[in-house]
Amino acid sequence: MTPARPSAGPPVTPPEALPVAHPTLAVFDFGKTNAKLLVFGAGGSILAERRTHAAWPVADGLRVLDDAALLHWMLAVLREAVATFDVSGIMITTHGCTFALLGEDDLAVPVIDYEERVPPDIEAAFARIRPPFSETATPAMERGFAFGKHIVWQEMRDPTLAARTRHILTYPQFWVWRLCGALVSEISSLGCHTHLWSPYRDDFSSLVDQRGWRDKMPPFREAGAVVGTMTLDVSGRGTVTLDVHNGVHDSNASLSHYRRVVPGGMTMVSTGTWVIVMNPDCPLDALAPERDMLANVSVRHEPVPTARFMGGREFDLIRGEGPADVTDERIVSLVARGLFALPSFADGGPYPGQTGKFVDEAGRPLVPAPDDRAALAALYIAAMTDLTLELLRSTDAIVFDGGLAKVGAIPRLVAALRPAQAVLVGRNPEGTACGAAGLAYAALGLDPFRNERAARVAPFDPPGWRDYVARWRHLADQRGKSRIEPATLAHNAPDKDHHHAYNARPADVSWIGTPVQPEDPAAYGAARPW
């Protein structure tokens, strides 16, 4: 499929000359599973949103993106957004780990799911050519979590692929190309633990030159820059031309946003399928690759020390099919009884080689009651987050963003463990989309979030909470790198390999045509302005 009605148009106008009269922006925010459109007004408010799921059907033995279905959904909701809100521009932010290989005028091979396991012989072959951590600040990773390995695998599966590939695009830039035909790169996506970038040299890695990929990398443009236009036929409006802004890596979009919102230094906890913890002030020599620590690269080309674990996935797996509510009373009870969820319930994170398990205070296996599981998941995320904050030497404010920030107990439990640090939440949990919108608006000379502030949460400190976390760490550390059979999950609970691996086409969610009110930080527990 060729891009959606691209229009080359005249050269991009410098930002200072672009029109700035109250533009409305459509921001696509694509996670691994969930896809969202959020419509922003020029004042920074979210006017409306729409959601769907990305589909990853199996083709040629691999899970791959149904990009045609997702594009169909994008164009449909764009038409509605233009008709309803007079949208004039499009911005894109996506998860990392994903790439697209383009041929002459279309994909040379489908976009592969980053969770596809690589055969052992390919793993061994890649280990011999993988750039060292000292070059890329990216450790060896499972599956396609560092997508350089997946590119090599694709080339080895199809000996003709390397010759047919004309361009290598990161995921946000793939969607930019799909919409307007522009071929561009962007640093936060390319520098997102890919093994393709050296943050120390601010240049491509030795792997790129060794594999002959440098000439296949499009020129860099800043995140948010207008890189092209697309035309769209809209009922009642005729043909409408929309600016397309260069996309950005999702966690770096959040980081960009909260650096503007929070005065002084801060550590960001961005939550989705992954919990990504980023502390720009952590020294690079503190990074421990064996604990899944790495350096991302900011939109400013800065190395950003990062620790991560697949917290959103693990929260769902631990919760299983039990009730979704996380109550303070249930957490108090679990802490008092000494029931633990120990890492790891998904790949990645600071405890590699371990398989998730439920235990009592003595470390004996147990099967938790369904009513306990959501609260156990919250305790697990809070304890893991506290550990990653320690690994990153966090001492300043801590900002929670994303889906798990709405589980109010989690930031409040972390606040109790770190009384010397302010623990904050944004005015709404869409910091990624706000950050992406802010970058696009900056290219138009606008700053809609200049007066925004985060809110501080009050600590939630159940009796024995600090002792509970100390015991949790001891039990997790004691297990070392032994492989332990996973605890029994609820009936039909998804496993590591198949969680949310949707094979159907995206299912639409009804259009929300009324303004979306910002989340009230007070809902997370006695918040006050920061």
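Report on the accompanying structure. (Residues numbered from 1 in each chain as written. Predicted model: local features only at pLDDT ≥ 70, side-chain atom pairs only at ≥ 80, totals over all residues. Heavy atoms only, no water.)

Observations concerning the state of the cysteines
Right, so step 1: Enumeration over the complete set of coordinates arrives at 0 disulfides.
Right, so step 2: No disulfide involves cysteine 192; its sulfur sits 5.7 Å from the nearest other cysteine sulfur, which is in cysteine 97. (Disulfide = S-S within 2.5 Å.)

Points about the nonpolar core
Right, so step 1: Grouped together as the largest cluster of nonpolar side chains are 62 residues, with contacts concentrated most on Ile331, Phe400 and Trp465.
Right, so step 2: The greatest single-element share of this core, amounting to 13 residues, is contributed by helix H12 (residues 370-391).
Right, so step 3: Ignoring anything within four residues of it in the chain, the contact list for isoleucine 331 reads Val326, Ala375, Ala378, Leu379, Ala409, Leu413, Phe460 and Pro462. (Core = buried A, V, L, I, M, F, W, Y, C linked by side-chain atoms within 4.5 Å. Buried < 20%, exposed > 50% of the residue type's maximum accessible area, 1.4 Å probe, protein only. Helix = DSSP H or I, 4+ residues; strand = E, 2+ residues; numbered from the N terminus. Contact = heavy atoms within 4.5 Å.)

Comments concerning unusual backbone geometry
Right, so step 1: Residue serine 344 follows proline 343 across a cis peptide bond; omega there is 0 degrees.
Right, so step 2: Note on placement: serine 344 falls in the loop between strand S19 (340-342) and strand S20 (357-359).
Right, so step 3: Its identity is not glycine, yet cysteine 97 carries a phi of approximately 75 degrees, on the positive side.
Right, so step 4: Overall, cysteine 97 belongs to the buried group, its relative accessible area being 6%.
Right, so step 5: For histidine 195, which is not a glycine, the phi torsion comes out positive at approximately 70 degrees.
Right, so step 6: By the element assignment, histidine 195 lies in the loop between helix H7 (187-190) and strand S10 (197-198).

Observations regarding helix H14 (residues 431-443)
Right, so step 1: Taking 1.5 Å per residue as the helical rise, H14 with its 13 residues ought to reach 18 Å, and the 18 Å between its terminal C-alpha atoms agrees with that figure.
Right, so step 2: Counting buried positions along H14 gives 12 out of 13 residues, so the element sits mostly inside the fold.
Right, so step 3: Those residues of H14 that fall on the buried side of the exposure criterion are Gly431, Thr432, Ala433, Cys434, Gly435, Ala436, Ala437, Gly438, Leu439, Ala440, Tyr441 and Ala443.
Right, so step 4: Two residues or fewer after H14 comes glycine 445, characterised by a positive phi angle close to 80 degrees. (Expected span 1.5 Å × (residues − 1).)

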